[in-house]
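Each chain, written out:
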Amino acid sequence: MKILVLNAGSSSQKSCLYEIPDANLPNKVLQPLWEGKIDWTQEQSEAEIEVKTATGAVLQEFIDGDSRIAHVAYLLNTLTHGATKVISQLSEIDVVGHRVVHGGLDYRNSVVITEEVKQAIAHLSTLAPAHNPAALEGIEAIGKSLGSVTQVAVFDTSFHSTLPDAAAIYPGPYEWVEKGIRRYGFHGISHQYCANRAAQILNRDLTSLRLITCHLGNGCSLAAIKNGKSVDTTMGFTPLDGLMMGSRSGSIDPGILIHLLRQSDYSVEELDYVLNKASGLRGISGISSDFREVIAAINQGNDRAQLAYDIYVHRLRAGIGSMLANLGGLDALVFTAGVGEKSPGIRQAACEAWEFLGLKIDQEKNQQQPVDVDIARDDSNVRILVIHTQEDWAIAQQCWQLLQQ
Ligand code: ADP
């Protein structure tokens, strides 16, 4: 089965093609035959395309075109033409899976895309204005290039649809609940993948595990996972809630917003910009939203970079504590995504806080660029795992499973 995966962002479209050779889903992660990426410049009329294949062919070029959909069609063309050709015709693709950020309350599982599903994704664009419209564009582009191929939507919110009401509902007026203002949670594809992978690594049944997964990338979120189900998470109604992130503030006192609206001349757009783009590591350090640049600045003695790091750690520990509160114990703490996978310092700082509970990190293993391994000491009460998140592969798996049904 050939599965094309599309992962649409506000200014990029990532894509990859997997081939599942046998009748069964392999136990291990497959590497894609082909990976492509489009980065749009501000004008959106120009795009940079980058393609690489499993055999080592690489293509990098700038292209023009009247629409983002035309750019996606161009990218798909590289699957069947030139040095990056990996299949003879696009009709060889059996199914296309799309990452869709917001599935609202109705989509608790991945679904085959119909007109009704498209309308629902469009309707939910008010809740994910940067992402859901981009996913719809991808769906439309595939329809134009591949005709009636089966398309599947895999939602980032689905995994958190099991949150109990007490975790999901904000204690505002009850009419918020009726209007759908509640915690949805995000990064679900990654949290779910990491939970399954953790069970594999630990050689345990997922339904008997209590896990906290820490997805620490540009966006950051935690999930408390009990018996395979998400029971709490730090992102909320939008991906702005929870931990301090690269350029997002995470949770702040909502009274600050009232104060700013009343006392300053902030417009809604300015608030949106400040909280999403000019806060977090970038806002406090004044250096960058990129964790590596913040660390480099700390090493040069920059106090604001140090403060940004300290707040990040403080909030990460506090978040882990809040996830811990309703799990009734912990079998494994899992780190994933850019910072979680690559920063031994953050893992060390996060774990230190829980040493009194018998969670003990192995300093040496932590330093050895661990991938999909346990870095807890033998005498630790809790396992500590570093897992390379594979969201695209998780989407491909969901497509495969859905088609088997
Ligand atoms: P996204 O959320 O956009 O998918 P990633 O998961 O790739 O992002 O994470 C990006 C973050 O990971 C950035 O803050 C980057 O600085 C950080 N990162 C990447 N490599 C390293 C590294 N070697 N050490 C520390 N942080 C890193």
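The coordinates are above.
Presented here is an overview of the structure given in this document.

Conventions we followed
- Residue positions within a chain follow its written sequence, with the count starting from 1.
- In view of the model being predicted, local features appear only for residues whose pLDDT reaches at least 70, and side-chain atom pairs are presented and counted only at 80 or more, with totals across whole chains, interfaces and linings using the full set of residues.
- Side-chain numbers come from the whole structure's heavy atoms, not from hydrogens or water.
- At least two DSSP bridges between two strands are required for those strands to pair.
- In DSSP terms, a helix is any run of H or I states spanning at least four residues, a strand is any run of E spanning at least two, and both are numbered starting from the N terminus.
- By nonpolar core is meant a set of buried Ala, Val, Leu, Ile, Met, Phe, Trp, Tyr and Cys residues that side-chain atoms within 4.5 Å join together.
- Relative accessibility decides the category of a residue: with a 1.4 Å probe and only protein chains considered, values under 20% of the type maximum give buried, values over 50% give exposed, and everything between is partly exposed.
- In what follows, a contact means two residues having at least one pair of non-hydrogen atoms within 4.5 Å.
- Aromatic contacts are taken between Phe, Tyr and Trp rings whose centres are within 6.5 Å, Trp giving its six-membered ring; a plane angle under 30 degrees counts as stacked, one over 60 as edge-to-face, and the others as tilted.
- Working rule: Lys NZ or Arg CZ, within 6 Å of ring centre, within 35 degrees of ring normal, means a charge sits over the ring.
- Summarising the geometry, the arc corresponds to the directions from the helix axis toward the C-beta atoms.
- Like charges are joined within 9 Å and nonpolar side chains (Val, Leu, Ile, Met, Phe, Trp, Tyr) within 5 Å, but only among residues with over 30% relative accessible area and no salt bridge; these make up the patches.
- Computed with the Shrake-Rupley method and a 1.4 Å probe, the accessible areas treat only the protein chains shown as cover for residues.
- Salt bridge criterion: a side-chain nitrogen from Lys or Arg within 4 Å of a carboxyl oxygen from Asp or Glu.
- By the counting scheme adopted, Arg and Lys are positive, Glu and Asp are negative, and His together with the chain ends is not counted.
- Taken as the charge centre is NZ of Lys, CZ of Arg, CG of Asp or CD of Glu, depending on the residue.
- Note on method: axes are straight lines fitted to C-alpha atoms, helices fitted across the in-contact stretch only, with angles between N-to-C directions ranging 0 to 180 degrees.
- Roughly parallel means an angle under 35 degrees; roughly antiparallel means over 145; roughly perpendicular covers 65 to 115; every other angle is labelled oblique.
- The handedness criterion is simple: a crossing whose near helix is rotated anticlockwise from the far helix by less than a right angle is left-handed, and one whose near helix is rotated clockwise is right-handed.
- When residues are grouped by polarity, Ala, Val, Leu, Ile, Met, Phe, Trp, Tyr, Cys and Pro land in nonpolar, Asp, Glu, Lys and Arg in charged, and all others, Gly among them, in polar.

Digging into the sheet that holds strand β1 (residues 2-8)
The strand order across the open sheet formed by 8 strands is β5-β4-β3-β2-β1-β6-β8-β7, and the pairing between neighbours is mixed. Each edge of the open sheet carries a strand with a single partner, namely β5 (58-63) and β7 (111-112). Two elements, strand β6 (residues 95-100) and strand β8 (residues 150-155), share 6 bridges in a ladder whose sense is parallel. Bridging across to β8, R99 finds its partner in V154.

Some words on the nonpolar core
I212, L216, Y312, I320, L333 and I346 are the most contacted members of the largest nonpolar core, which has 46 residues in total. When contributions to this core are tallied by element, the ones reaching two or more residues are β9 (210-216), β10 (220-226), α10 (291-299), α11 (303-324), β12 (332-336), α13 (344-352) and β14 (383-386). A total of 9 residues in this core trace back to one element, the largest contributor, which is α11. Apart from the residues within four sequence positions on either side, I212 is in contact with A223, I320, M323, L324, L327, L330, A332, L333 and V334.

Description of the pairing of β10
The buried count for β10 comes to 6 of 7 residues, which makes it a mostly enclosed element. Bridge count between β9 and β10: 7 bridges; the pairing is antiparallel. Note on β10: the bridge partner recorded for R210 is K226. Where β9 folds back onto β10 in an antiparallel hairpin, the turn is made up of 3 residues.

Focus: the packing of aromatic side chains
Counted under the stated rule, the structure contains 6 aromatic pairs. Both rings, one in Y184 and one in F237, keep their centres 6.2 Å apart while their planes meet at 35 degrees; by these two values the pair is tilted. Linking Y184 in the loop between α5 (174-178) and α6 (188-202) with F237 in the loop between β11 (229-233) and α7 (254-263), this pair joins segments that are 53 residues apart in sequence. Members of the aromatic cluster, joined through ring pairs, are F291, Y309 and Y312. Geometry around W40 places R68 over its ring, the cationic atom sitting 4.0 Å from the centre. For R182, the ring lying beneath its charged end belongs to Y184, and the centroid distance is 6.0 Å.

A word on helix α1 (residues 68-77)
Listing the buried residues of α1 in full gives R68, I69, H71, V72, L75 and L76. Buried residues along α1 cover an arc of 155 degrees about the axis, so they all sit on one side. In this structure, the buried side of α1 is in contact with β1, β2 (12-19), β3 (34-40), β4 (47-53), β5 and α3 (132-146).

Re a negative patch on the surface
A grouping of D265, E269, E270 and D272 is seen on the molecular surface, where their side chains present a negatively charged patch. Tracing the sequence through the fold places D265 in the loop between α7 and α8 (268-277). Since its relative accessible area comes to 77%, D265 is described here as exposed.

Looking at the pattern of salt bridges
Counted according to the given criterion, the structure contains 16 salt bridges. Residue K37 is joined to D39 by a salt bridge in which the shortest nitrogen-to-oxygen separation is 3.3 Å. Under the relative-accessibility criterion, K37 is labelled partly exposed at 28%. Using a relative accessible area of 26% as the deciding quantity, one classes D39 as partly exposed. Connected through shared salt-bridge partners, K2, E19 and E92 make up one network.

Observations concerning the packing of helix α2 (residues 115-123) against α3
Between α2 and α3, the least distance of the axes is 8 Å, while the angle of their chain directions is 150 degrees. Classified by the angle their axes make, α2 and α3 are roughly antiparallel. In the crossing of α2 with α3, the sense of the turn from one axis to the other is left-handed. Across the interface between the two elements, K118, I121 and A122 from α2 touch N132, L136 and I139 from α3. Class assignment of the residues belonging to the contact of α2 with α3 gives a composition of 4 nonpolar, 1 polar and 1 charged.

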